[in-house]
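# Observations on chain architecture
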Amino acid sequence: MQKYNIHTVQKDETLKSIASLYGLDKDALKLFHNNHCAVKDMILINLNGQKELFVPRTAVADKNFLVQFGRGNSLILQPENSVRKYSVVITIEKGNTQSELKYETSVRWLKTEKGHFFEIDRTSNLYLNEEEVNEIADLLAYRTSKVLYPLQISTDEHGKFETVENAETFPKRWPAVKEELYKEFEGETVDGYCGKIEKVISQPEAISLYLKNDYFIRALFFGIYQSFGKEYRTEMTATFPVVDNPIEPRYKLTLETDPLKGETGLITIEGSGTLYEERDIDDFIRKSPFSLIIEDEPVMNEEGTFRLISYLKGETSLPESLYLECSIMLQEEKKISVSVSGIDE
């Protein structure tokens, strides 16, 4: 994130007049400029031929461009009465192979208690590699999972997904969904898929575990509403289901936010980091939940990357759009990309 702005000095402007324009003390402006400029452009007492001045990023003439932070430069999720429809594109890459999944969904705020409650519903068909899903295996996976929607979930105060809140309704919905499936399909394949979803919806713990692998939910409710401190930056560790493992890979991240809104009036949050795991590549290939080699000072596995960028319309709202990319090296690199864009109706 850029830490300063550039002021182009106009004719007849003085150090004092420029400082006054931005609501700064002239000595504070001089000190900030001198800490960022080349030696030849430093201000000794007053301006002496400088054509540009470095000014603090938050020093703007129009205060409407400033993000309104809470204490500790925090962004606090307060999504009351929000409803948003999204287009979702999920890309899964394994070495040289790539699959792309597309669909539309809606997210509606329900209530706020200790955290927040939302309802998620699928509002379109599923498209795989630009074609509507028609392969029987993909179609059955999609059609059986429809029993979960509308889905109600909860998050913590940072907007991070916690659990499913309406699990008791799924067994009640299932007979009608199952009846519709058997009107169209028959045989061992449909029996198998129905059996899988019946096992999931019969156990509330299994439902939450099942939905922890939902890339859209995990990306939208990643937990970006944090305190960013005086440098507008925070460190965190996070996990993501980039591989099938009972213990998700852990990443060490830096999240940054810009104290100024962009030209579109959106707030920007960017994150980047690397895998930070005691488990090595072989452990992940074997789907081991822990490292098989115990060391006092293990060499950490950093063979994976994480990237996130999110745009918020307001300090307290859900993202207008976001992009999350997570990778890990196995026998070949595996990468999950989630692109979410708000749909205006």
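Everything below is about the structure shown above.
Read on for a plain summary of the structure. If you're wondering where the values come from, they're calculated on a predicted model, not measured in any experiment.

## Remarks on the overall build of the protein chain
Across its full length, the protein chain carries eight helices and 15 strands. Counting only C-alpha atoms and orienting by the principal axes, one finds that the protein chain spans roughly 85 × 50 × 40 Å. When the 41 positive and 58 negative side-chain charges of the protein chain are each reduced to one mean point, those points stand 5 Å apart.

## Side note on the packing of aromatic side chains
Within the structure shown, the criterion is met by eight aromatic pairs. When the ring of phenylalanine 69 is compared with that of tyrosine 232, the centres are 5.6 Å apart and the planes differ by 40°; the resulting orientation is tilted. Taken together, the residues span a long stretch of sequence, with phenylalanine 69 in the loop between strand S2 (52-56) and strand S3 (83-94) and tyrosine 232 in the loop between helix H7 (215-220) and strand S10 (233-239) at a distance of 163 residues. Judged by relative accessible area, which is 17%, tyrosine 232 ranks as buried. Relative to phenylalanine 306, the ring of phenylalanine 222 has its centre 5.3 Å away and its plane inclined at 25°; by these criteria the two rings are stacked. With phenylalanine 222 in the loop between H7 and S10 and phenylalanine 306 in strand S13 (residues 305-312), this residue pair connects regions lying 84 residues apart in the sequence.

## Some remarks on a nonpolar patch on the surface
A contiguous nonpolar patch, built from Phe290, Leu292 and Ile293 and spanning about 330 Å² of accessible area, is present on the exposed surface. Tracing the sequence through the fold places phenylalanine 290 in the loop between helix H8 (281-285) and S13.

## What to know about helix H2 (residues 26-36)
Taken residue by residue, H2 has Leu29, Lys30, Phe32, His33 and Asn34 as its buried positions. Buried residues belonging to H2 abut strand S1 (4-8), helix H1 (15-21) and S2. Measuring from the side-chain oxygen of the N-cap residue of H2 to the backbone nitrogen of aspartate 27 gives 2.9 Å; that N-cap residue is aspartate 25.

## As for unusual backbone geometry
Going from tyrosine 149 to proline 150, the amide bond is cis rather than trans, its omega being 0°. The topology assignment puts proline 150 in the loop between helix H3 (136-145) and strand S8 (151-155). We note that asparagine 73 has phi near 50°; this positive angle belongs to a residue other than glycine. Its location among the elements puts asparagine 73 in the loop between S2 and S3. With a phi angle near 60°, lysine 287 is a residue other than glycine that sits in the positive phi range. Within the secondary structure layout, lysine 287 lies in the loop between H8 and S13.

## Some remarks on the layout of surface pockets
In this model, the largest pocket occupies a volume close to 1,200 Å³. Along the wall of the largest pocket there are 32 residues; nearest its centre are Leu101, Ala141, Tyr210, Asn213 and Tyr215. Put simply, the parts of the chain that give the lining of the largest pocket at least two residues each are S3, strand S4 (97-112), H3, helix H5 (188-201), helix H6 (204-211) and H7. Of the residues forming the lining of the largest pocket, the biggest block, six residues, is contributed by H3. Taken together, the residues that form the lining of the largest pocket break down as 21 nonpolar, four polar and seven charged.

## Some details on the pattern of salt bridges
On inspection of all chains with the given rule, the structure shows 17 salt bridges. Linking arginine 84 and glutamate 320 is a salt bridge whose minimum nitrogen-to-oxygen distance equals 2.9 Å. Pair noted here: arginine 84 is in strand S3 and glutamate 320 is in strand S14 (residues 319-329), with a separation of 236 residues, a long-range link. For glutamate 320, a relative accessible area of 18% corresponds to the buried category. Here glutamate 325 makes a salt bridge to arginine 307, at a shortest N to O gap of 3.6 Å. Here glutamate 325, found in strand S14, pairs with arginine 307, found in strand S13; they are 18 residues apart in sequence, far enough to count as distant. Owing to a relative accessible area of 42%, arginine 307 belongs among the partly exposed residues under this scheme.

How each quantity is defined
- Residues numbered from 1 in each chain as written.
- Predicted model: local features only at pLDDT ≥ 70, side-chain atom pairs only at ≥ 80, totals over all residues.
- Heavy atoms only, no water.
- Helix = DSSP H or I, 4+ residues; strand = E, 2+ residues; numbered from the N terminus.
- Lys, Arg positive; Asp, Glu negative; His and termini not counted.
- Charge placed at Lys NZ, Arg CZ, Asp CG, Glu CD.
- Phe/Tyr/Trp six-rings, centres within 6.5 Å; stacked < 30°, edge-to-face > 60°.
- Buried < 20%, exposed > 50% of the residue type's maximum accessible area, 1.4 Å probe, protein only.
- Patch = residues over 30% accessible without salt bridge, like charges linked within 9 Å, V, L, I, M, F, W, Y side chains within 5 Å.
- Areas by Shrake-Rupley, 256 points an atom, 1.4 Å probe, with all protein chains shown as cover.
- Salt bridge = Lys/Arg side-chain N within 4 Å of Asp/Glu carboxyl O.
- Contact = heavy atoms within 4.5 Å.
- Polar contact = N/O pair within 3.5 Å; in protein donor to acceptor, adjacent residues only side chain to side chain.
- 1 Å grid on protein atoms, 1.4 Å probe; cavity = no way out; pocket = protein on both sides within 12 Å on 5 of 7 lines; lining within 4 Å.
- Points joined across faces, edges and corners; volume = space filled by probe spheres on them.
- Nonpolar A, V, L, I, M, F, W, Y, C, P; charged D, E, K, R; others polar.

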